[in-house]
Amino acid sequence: MIPIEQFAAEIQCGRKWVPCTVVGVAGEDQCPWFVVMFEDSDGMTTLLRVDEVRRVPG
């Protein structure tokens with residue numbers, strides 16, 4: 001993982017967009033992944049690799 005300056009975003013989970021924080025990138029130039037952190041409904045913080053994020057103001 002390459003750490004980057006964190007920014008607020010959303011990831012798609014089914015038909016819902018879930019708020020998250022992008023904390024890094026991983027993978028190769030042709031196939032990058034965003035490393036995101038979010039809190040689930042039980043209060044657990046999860047780190048996840050996703051291929052698409054939607055940046056949000058903030």
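Look up a bit, the structure's there.
Residues numbered from 1 in each chain as written. Predicted model: local features only at pLDDT ≥ 70, side-chain atom pairs only at ≥ 80, totals over all residues. Heavy atoms only, no water.

### A look at the overall build of the protein
Working step 1: From N to C terminus, the protein includes zero helices and five strands.
Working step 2: In the protein, the order of α-helices and β-strands from amino to carboxyl end is β-β-β-β-β.
Working step 3: A compact globule built from 58 residues would reach a C-alpha radius of gyration of about 10 Å, and the protein, at 11 Å, matches this within 12%.
Working step 4: The principal-axis extent of the C-alpha atoms belonging to the protein is close to 35 × 20 × 20 Å.
Working step 5: Per-residue burial over the protein gives 26% buried out of 58 residues.
Working step 6: Considering only contacts within the protein whose residues lie at least 6 apart along the sequence, 23% involve residues at least 24 apart.
Working step 7: Of the roughly 4500 Å² of accessible surface on the protein, a fraction of 52% belongs to carbon and sulfur atoms. (Helix = DSSP H or I, 4+ residues; strand = E, 2+ residues; numbered from the N terminus. Rg over C-alpha atoms; globule rule 2.2 N^0.38 Å. Buried < 20%, exposed > 50% of the residue type's maximum accessible area, 1.4 Å probe, protein only. Contact = heavy atoms within 4.5 Å. Areas by Shrake-Rupley, 256 points an atom, 1.4 Å probe, with all protein chains shown as cover.)

### Some thoughts on the nonpolar core
Working step 1: Of all hydrophobic cores here, the largest spans 10 residues; its members are F7, A9, I11, V18, C20, V22, V36, F38, V50 and V53.
Working step 2: Elements with a minimum of two residues in this core: β1 (2–13), β2 (16–28) and β3 (31–39).
Working step 3: For F7, the contacting residues outside a window of four places in its chain are C20, T21, V22 and R55. (Core = buried A, V, L, I, M, F, W, Y, C linked by side-chain atoms within 4.5 Å.)

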